[in-house]
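Descriptive analysis of the structure
Listed below are the residues making up each chain.
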Amino acid sequence: MKSIDKIFPGVKALKGVNFNLKSGEVHTLMGENGAGKSTLIKILTGVYEKDGGQIIFDGREVHFTNTLDPQKLGISTVYQELNMIPYLTVGENIYLGRYPKTRKGIDWKTLHENAQRELDDMGLSISSRERLNHYGTAAQQMVSIVRAISLHCRIVVLDEPTSSLDTKEVETLFGIIAKLKAKKIGIIFISHRLDEVYAISDRITVLKDGSYEGTYKPAELTQYELVRKMVGKEIIQEGINTRNYDGSNKEYVVEMEDIFYYPKVNGVSVAVKEGEIVGLAGLLGSGRTEVAQVLFGYAGNASGTIKVKGNKVKIKAPTDALKNGLAFVTENRREEGVIPNMTIRENISISGMPQISRWGFIQRKKQVALAEKYIQRLEIKTPTMEQKLKNLSGGNQQKVLLARWLATEPDLIILDEPTRGIDVGAKKEVEELIKEIAGQGIGVLLISSEITELVRNCDRIFVLREGKNQGVLLKEDISEERIMKQIVEHDPVSREVLT
Amino acid sequence: MKGIGKHIKNNGTVLGLFFMMLLAVIINRNFLTIENLTNVLRQASMNGMIAIGMTMVIICGSIDLSVGTMIGFSGFLALYLSNFSLILAIGVPLLFGLLVGLINAFLINKCKVAPFIATLSMMMAVKGVTLILTKENTYFAEHPVESFSYVGRGILLNYITVPSVLFVGVSLLGAVLLNRTAAGRSMYAVGGNEEAARMMGVNVEKTRLVAHVLTGLMAALSGITLVSRVGAAYPLAGEGKELDVIAACVIGGTALTGGKGKVSGTFIGVLIIGLLTNIFNMQTFLNSFWEKVITGTLVLVVVLIQSIQENHIKIYKGSKKTASVK
């Protein structure tokens, strides 16, 4: 793929990206959210059409207009979310659409024999006649790879295949990858786990914000340099943390200890004091979002202790979290946050219903007053509060979301990627707002993939890697470099820093 | 133990059928007479044929509510045309069944109307047309060709009725289609995971079209059989039957979420509902409206068992089989 461009309305998602793959090679794509990995893959697999550049396959230029074209050439994708038919047998999933036939119809015996041979060839102990959903995620992924092989594919794209596997399953997967290499199949591998990437890759290509940052052999690139290329900013941005937060005589709002949430969180401890802005740093897949989800009760089966204001509490569902004075601004604003067809007034008041209603009836006056208060306080730019939320800009939608949660008068507010997808000006405003919120004594747990954003705003930063604490930084120690160093080098959390 | 458990799980509906028969024998000494059994099978056949088509539609993840009123419509058409010729009396209603199936599929595939809504409006439209054509009266044919009554009343070898032959034949063909042809397997793929099926090169629209057209045909066939036996076309005949048919599929283990179901299961489901009707007709101590209560309970029990099985798999994720390199 040569100098690929992709333009979405308003954003240039890919700027002249180069990528090449040799047969029998594992080539890893790395980059944070919005770096353009998925976009590049989607162009290769025909989901999107490219706006510029060339795709050359076996020395010939090719054009993909639909998802079947690349499949015909032998480009197969194993997606993160499994794309197979759960209620059918393993064998049928492998040969779906290519059934061996006799005069009496489908020849099930031959089908299962062939499928079993393919599975055995890969050294998998999977039975062809078993229903697919009797197997776990890992095995289903393997079946998906076997299907690709049986289609005589030349390239297999593995999009974050390890994100939901445990250590042993990852080993199995790597065994399969080695066999694919031996068959001269090229592999595009996407993962956020650095150790895995170094263990399996022949070459690594780094993308950042849609531009090509270079291709390296693992031996030529240290983990630290790799992280720097993915998240580092060359230009030091003005505005280092100007807050003067002194937490020495403040109480803890929330303390989380030894949180486990299979498979992404494996023993994390995090604590936030009142009025403090605490950052969670780490690469994508480090468990930072999942920790927040556990705290807000999205993860029913998580284990560990959670204390709110010193009292041990059980948070099994978001309603428990609300009762304990927690608020959560999700990273998926569009899917989980805003209700686009409702007005700003309704969107602001929807979580604070008890305060503004009496015997179940909404008191219109109180609702209007509430909306007015927050529109003014957060400087939401809108002609009236009756405007539908979908008509606002990203930054203003984010403010409405913040207003909604502030209306519940929380003690702690979790902000997951609060500035994603909003423009630079609005970003600044949101950051100012966060500081203002903390100034009122509300604890803030801030999650961001932009390290500079954490550096600018946080009083304390917990660095995570693969679901474990890597280290903690207090305000004078916080710098971009220190965070990146901690991501690659383990620096155990000492109890003193925690308390 | 595990083997027995698996057997019960796979053949729960068969056990249900045996239980029903046992109950029937206890309540009515005359149950096990050949006359009665022939009767049960013949009565079940009308719904049964449609249920085979409905199984395919549900496996595709769709639904067809228009089959009930299609019975009345095709029945009237058949009886009216039986004044002229047998071929017309059978061919034209079938043609309309095919047409309604095509329209349903068109609405669902091309206009992206939810299957429930698309076939609901079809159901109402068909009912309206029937009422207009019959002028809201039961229709009797003036001089029908004699051979027409054979479809519903014919008897082969003393005890085998033509409708039950049709039902068994349709079931066998349905089973072959679902198990042995690519078209049938595509239905499972589409209902199991539509996007994945598309990615694997299955023609999703065509698959749904086939299922809906077959179901339309079956509804028409059922209507023809009914009027042929009764000799009169009641405009509201078949109203509400779509729900009985869906209940039979569900009792037979077909999941309304799509991707799961078997012709054999539906066949037994149809028999269970048929037996229930028979039992209620043969006893005097319970009001016959209790039949509906029991059918409803039965459907609920089957769905609950399915849901427990599904959730069992999800809760004990750890017990799922894992792959390993030998």
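Residues numbered from 1 in each chain as written. Chains lettered and ligands numbered in written order. Predicted model: local features only at pLDDT ≥ 70, side-chain atom pairs only at ≥ 80, totals over all residues. Heavy atoms only, no water.

1. Details of the overall build of chain A
Our working definition: The secondary structure listing takes helices from DSSP runs of H or I that are at least 4 residues long and strands from runs of E that are at least 2 residues long, numbered from the N terminus. Summary of the burial criterion: residues with accessible area below 20% of their type's maximum are buried, those above 50% are exposed, and those between are partly exposed, where the area comes from a 1.4 Å probe applied to protein chains only. It only takes one pair of heavy atoms within 4.5 Å for two residues to be counted as in contact. In these tables, accessible area is a Shrake-Rupley quantity obtained with a 1.4 Å probe, and a residue counts as shielded only by the protein chains included in the view. Positive charge is attributed to Lys and Arg, negative charge to Asp and Glu, and no charge count is given to His or to the chain ends. By convention, the charge on Lys lies at NZ, on Arg at CZ, on Asp at CG and on Glu at CD.
From N to C terminus, chain A includes 19 helices and 25 strands. Within chain A, buried positions represent 56% of all 499 residues. Partitioning the contacts of chain A with sequence separation of at least 6, the portion at a separation of at least 24 is 65%. For chain A, the exposed area adds up to about 21,900 Å²; of that, 49% sits on carbon and sulfur atoms. The centroid of the 69 positive side-chain charges in chain A is displaced by 5 Å from the centroid of its 66 negative side-chain charges.

2. So, the overall build of chain B
What counts is decided by this rule: With the radius of gyration taken over C-alpha atoms, the globule rule is written as 2.2 Å times the number of residues to the power 0.38.
If you tally the helices and strands in chain B, you get 14 helices and four strands. For chain B, whose C-alpha radius of gyration is 21 Å, the value lies close to the compact-globule estimate of 20 Å for 326 residues. Taking the principal axes of the C-alpha coordinates as reference, chain B spans close to 75 × 55 × 35 Å. Looking at chain B residue by residue over its 326 residues, the buried ones come to 48%. The contacts of chain B with a sequence gap of at least 6 include a subset with a gap of at least 24, amounting to 76%. A total of about 15,900 Å² of accessible surface is found on chain B, and carbon and sulfur atoms cover 70% of it. Positive and negative side-chain charges in chain B, numbering 25 and 13 respectively, have mean positions lying 15 Å apart.

3. Here we look at a nonpolar patch on the surface
Residues and elements named next belong to chain B. The cut-off we apply is this: Each patch is assembled from residues with relative accessible area greater than 30% and no salt bridge, linking like charges that lie within 9 Å and nonpolar side chains (Val, Leu, Ile, Met, Phe, Trp, Tyr) that lie within 5 Å. Criterion for a salt bridge: a side-chain nitrogen of Lys or Arg within 4 Å of a carboxyl oxygen of Asp or Glu.
There is a patch of nonpolar side chains on the surface, built from F19, L22, L23, I26, I27, F285, L286, W290, V293 and I294 and spanning about 970 Å² of accessible area. For the nonpolar patch, the secondary structure elements donating two or more residues are α2 (12–27) and α14 (290–315). At five residues, α2 tops the list of elements feeding residues into the nonpolar patch. Among the structural elements, I294 can be located in helix α14.

4. Comments concerning the pairing of strand β25 (residues 468–474) of chain A
Rules: When DSSP finds two or more bridges between a pair of strands, those strands are recorded as paired.
Most of β25 of chain A is tucked away: five of the seven residues are buried. Connecting the antiparallel pair strand β24 (residues 460–465) of chain A and β25 of chain A is a turn made up of two residues, with E466 of chain A showing a positive phi of about 45°.

5. Quick word on the confidence of the model for chain B
For clarity, the cut-off: The score called pLDDT rates the predictor's confidence residue by residue, from a low of 0 to a high of 100.
With 91% of its residues at a pLDDT of 70 or more, chain B has an overall mean of 86. For residues 313–320 of chain B, every residue scores under 50 in pLDDT, and the model assigns this stretch nine contacts once sequence neighbours within four places are set aside.

6. Examining the interface of chain B and chain A
The parts lose accessible area when they come together, and the size of an interface is often stated as this lost area. Rule in force here: A quick way to say it: buried area is the sum, across both parts, of accessible area lost when two parts are put together, with a 1.4 Å probe. Pairing of N or O atoms within 3.5 Å defines a polar contact, subject to two protein rules: one partner must be a possible hydrogen donor and the other a possible acceptor, and residues neighboring in sequence count only if both atoms are side-chain atoms. The classification used treats Ala, Val, Leu, Ile, Met, Phe, Trp, Tyr, Cys and Pro as nonpolar, Asp, Glu, Lys and Arg as charged, and all other residues, Gly among them, as polar.
The interface is formed by 28 residues belonging to chain B together with 40 residues belonging to chain A. Overall, the association of chain B and chain A removes approximately 2,900 Å² of surface from exposure, summing both partners, and the carbon and sulfur fraction of that is 56%. Taken together, the connections running from chain B to chain A amount to one salt bridge. A salt bridge links E92 of chain A to R185 of chain B; the shortest N-O distance between them is 2.5 Å. On the surface where chain B and chain A come into contact, there are five residue pairs in polar contact (both at pLDDT 80 or more). Among the secondary structure elements, those contributing two or more residues to the side of chain B that touches chain A are α8 (162–180), α9 (182–192), α10 (194–199) and α14 of chain B. Its residues assigned to classes, the side of chain B that touches chain A comprises eleven nonpolar, nine polar and eight charged.

7. Description of the domain arrangement of chain A
All names here are of chain A. We apply this condition: Boundary definitions for the domains trace back to an automatic or database domain assignment.
Split by domain assignment, chain A resolves into domain 1 (2–231) and domain 2 (252–498). Relative to domain 2, the C-alpha centre of domain 1 lies at a distance of 34 Å. At the junction of the two partners, domain 1 supplies 17 residues and domain 2 supplies 19 residues. Taking both sides of the interface into account, the surface hidden between domain 1 and domain 2 amounts to around 1,600 Å²; carbon and sulfur atoms contribute 59%. Where domain 1 meets domain 2, there are one salt bridge.

8. Re the nonpolar core
This is how it is decided: Take the buried residues of types Ala, Val, Leu, Ile, Met, Phe, Trp, Tyr and Cys, join any two whose side-chain atoms come within 4.5 Å, and each joined set is a nonpolar core.
Of all hydrophobic cores here, the largest spans 101 residues; its most connected members are I126 and I177 of chain A. No other element matches helix α3 (residues 34–59) of chain B, which puts eleven residues into this core. Each residue touching I177 of chain A, except ones within four places of it in the same chain, is listed here: V26, L158, I187, F189 and I200 of chain A. Counting residues in hydrophobic clusters, the runner-up holds 92 residues, among them L433, I437, L454 and V455 of chain A.

9. Quick word on the packing of aromatic side chains
For any pair of aromatic rings, the description rests on two quantities: the centre-to-centre distance and the angle between the ring planes. Residues and elements named next belong to chain A. Note the following rule: Note on aromatic contacts: the rings of Phe and Tyr and the six-membered ring of Trp form a pair at centre separations within 6.5 Å, being stacked when their planes are under 30 degrees apart, edge-to-face when over 60 apart, and tilted otherwise. Any Lys NZ or Arg CZ found within 6 Å of a ring centre and within 35 degrees of that ring's normal is scored as a charge over the ring.
A complete count under the given rule lists twelve aromatic pairs over all chains for this structure. Between the aromatic rings of Y298 and F328, the centroid separation amounts to 5.7 Å while the plane-to-plane angle is 55°, which identifies the pairing as tilted. Residue Y298 is located in the loop between α9 (288–295) and β17 (303–308), and its partner F328 is located in strand β19 (residues 326–329); the two are separated by 30 residues in the primary sequence. Taken together through their ring pairs, the aromatic side chains of F296, Y298, F328 and W405 make up a single cluster. When the ring centre of Y224 is taken as reference, the NZ or CZ atom of K485 above it lies at 5.5 Å.

10. As for the sheet that holds β25 of chain A
All names here are of chain A. This is how the line gets drawn: Helix axes are fitted only over the stretch in contact, all axes being lines through C-alpha atoms; the angle between N-to-C directions runs from 0 to 180 degrees.
On the basis of which strands lie adjacent, the open sheet formed by six strands has the order β19-β22-β23-β16-β24-β25 and mixed pairing. Looking at the sheet topology across the chains shown, the edges are occupied by β19 and β25. Going from strand to strand, the sheet's axes swing by 20° on average, the running direction of each strand aside.

11. Re the sheet that holds β17 of chain A
Where strands meet in a sheet, backbone hydrogen bonds hold them as pairs that are either parallel or antiparallel. Residue and element names in this part refer to chain A. Strand order in the open sheet made by the four strands is β15-β14-β17-β18, with antiparallel pairing throughout. Edge strands, defined here as strands with exactly one partner in the open sheet, are β15 (265–273) and β18 (311–313). For this sheet, the mean angle separating the axes of adjacent strands, direction not counted, is 20°. Pairing geometry for strand β14 (residues 252–261) and β17, over five bridges, is antiparallel. Paired with M256 across the two strands is I306, which belongs to β17.

12. Observations regarding unusual backbone geometry
Residue and element names in this part refer to chain A. Of note in the backbone geometry, K184 takes a positive phi value of approximately 65° without being a glycine. Taking relative accessible area as the criterion, K184 reaches 55% and is therefore assigned exposed. Within the chain, E466 stands out as a residue other than glycine whose phi angle is a positive 45°. With respect to the helices and strands, E466 occurs in the loop between β24 and β25. Note on E466: relative accessible area 26%, which makes it partly exposed.

13. A closer look at a positive patch on the surface
A cluster of like positive charges, contributed by K307, K312, K314 and K316 of chain A, occupies part of the molecular surface. In this structure, K307 of chain A sits in strand β17.

14. Focus on helix α11 (residues 204–230) of chain B
Residues and elements named next belong to chain B. How we decide: To estimate the expected span of a helix, subtract one from its residue number and multiply by 1.5 Å.
Its 27 residues give α11 an end-to-end C-alpha distance of 40 Å, which sits within 8% of 39 Å, the value for a rise of 1.5 Å per residue. Within α11, 20 of the 27 residues are buried, leaving the element largely enclosed by the surrounding structure. Where α11 ends, the next residue or the one after it, G231, has phi of about 80°, a positive value.

15. Re the side chain of T382 of chain A
Residue and element names in this part refer to chain A. Summarising the element assignment, T382 is placed in the loop between α14 (364–377) and α15 (394–406). From its side chain, T382 meets the backbone oxygen of T384 in a polar contact 2.8 Å long. Leaving out residues up to four positions away in the same chain, T382 has contacts with I344, I375, Q387 and L392.

16. Some thoughts on the environment of V168 of chain B
Residues and elements named next belong to chain B. Mapping V168 onto the fold places it in helix α8. Under the relative-accessibility criterion, V168 is labelled partly exposed at 34%. In this structure the C-alpha to C-alpha distance between V168 and L41, which are 127 residues apart in sequence, comes to 9.8 Å.

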